[in-house]
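Here is how the chains run, residue by residue.
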Amino acid sequence: MYRTKKRQITQIRAHVPSRRRDSLAAEEPLEIRVEGRPLTITMRTPGDDFDLAAGFLVGEGTIASPDDVMTMRHCADLDTYNVLDVRLAAGVRPPEARNFYTTSSCGVCGKASLEAVRTVARWSAREDPVQLDSSVLEVLPDRLRAAQRVFDRTGGLHAAGLFTAEGEALCVREDVGRHNAVDKLVGWALREGRLPLAGTVLMVSGRASFELVQKAVMAGIPALAAVSAPSSLAVELAAEEGLTLVGFLRGDSMNVYTGEHRLTLMGSGHGSARAAGPG
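Residues numbered from 1 in each chain as written. Predicted model: local features only at pLDDT ≥ 70, side-chain atom pairs only at ≥ 80, totals over all residues. Heavy atoms only, no water.

**Q** Hey, could you go over the side chain of Lys215 for me, with residue numbers and the actual values?
**A** Within the element layout of this structure, Lys215 appears in helix α6 (residues 210-218). Residue Lys215 is classed as buried on the basis of its relative accessible area of 8%. (Helix = DSSP H or I, 4+ residues; strand = E, 2+ residues; numbered from the N terminus. Buried < 20%, exposed > 50% of the residue type's maximum accessible area, 1.4 Å probe, protein only.)

**Q** Tell me about the side chain of Asp128, residues and numbers included.
**A** Tracing the chain through its elements places Asp128 in the loop between α2 (114-117) and β7 (132-133). In this view, Asp128 contacts Ala198, Gly199, Gly220, Pro222 and Arg262; residues no more than four positions away in its chain are not counted. (Contact = heavy atoms within 4.5 Å.)

**Q** Tell me what's going on with the pairing of strand β12 (residues 244-250), and back it up with residues and numbers.
**A** Along β12, five of the seven residues are buried, which leaves the element largely enclosed by surrounding structure. Sheet topology places strand β11 (residues 223-226) next to β12; three bridges connect them, and they run parallel. Opposite Ala223, over in β12, you have Thr244 as the bridge partner. In this fold, β11 hands off to helix α7 (residues 232-241), which returns the chain to β12; that crossover is right-handed. Note: β12 against strand β13 (residues 253-258), four bridges, orientation antiparallel. By the bridge assignment for β13, Gly247 is matched with Asn255. In textbook terms, the turn of a hairpin is the stretch between consecutive antiparallel strands, and for β12 and β13 this stretch comprises two residues, one of which, Gly251, has a positive phi near 65°. (Pairing = 2+ DSSP bridges. Right-handed = clockwise from strand over helix to strand, strands pointing away.)

**Q** Break down the pairing of strand β4 (residues 37-44) for me, with residues and values.
**A** Looking at chain direction, strand β3 (residues 28-34) and β4 are connected through seven bridges and run antiparallel. If you follow Val34 over to β4, its bridge partner there is Arg37. Hairpin remark: β3 followed by β4, antiparallel, with two residues in the connecting loop; positive phi at Glu35, about 55°.

Listed below in structure tokens is the structure:
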């Protein structure tokens, strides 16, 4: 499996064309099966497929610990790494199959209704007592960007990073789909026995969509930060679940949409973000 692919292109600089080889972010379909039955097809960047499948099943509310999974394997009989089968432990109920494939831009396609998406979380983000200093949040975009190895070659991948409250990187994953990058992170955490991810911050390279907030909540992550905007539904869900949601995180500038009680400003002596706000 290759995370990048080469293609001959025409590059034009100052009206002068030239031929060169360019690196492209690989995008291929992955069919996830559970107990041999097709569950969903997602467009993803090949690599970390076991983490992707595990994280997807955490988001569906199917599994919550490594003990919930018996085996995961690529279907070698099909001579492809684009079909993966998950065997669940005894007593773990398989999820319902999705109606459509999941594109690289949408993590909840095929859900019958909004109510079906609001999966009941096993852990409460609201009860997480973690405190976050704004000075720590400021450095997360640069630390995430520094870990994007494939992006450096292609310029075409989303990234998701898991950080401690002190700003230490625990894991970073890249993918053509922003929801896939988060699934790969959550799947890594599950396979490492780290769920729930209490006291951590999820940093994403794009916008904060509803499905990313949901995935954070389902993994027990109390804070989500994004370099771009959140959607209205993402803010609504974050408020309902007690998640701290930060958008437009760029240097020392950020918008805190929910959970501002967790933030302190540039050191503990400056009080909370709520106290510093207009009321």
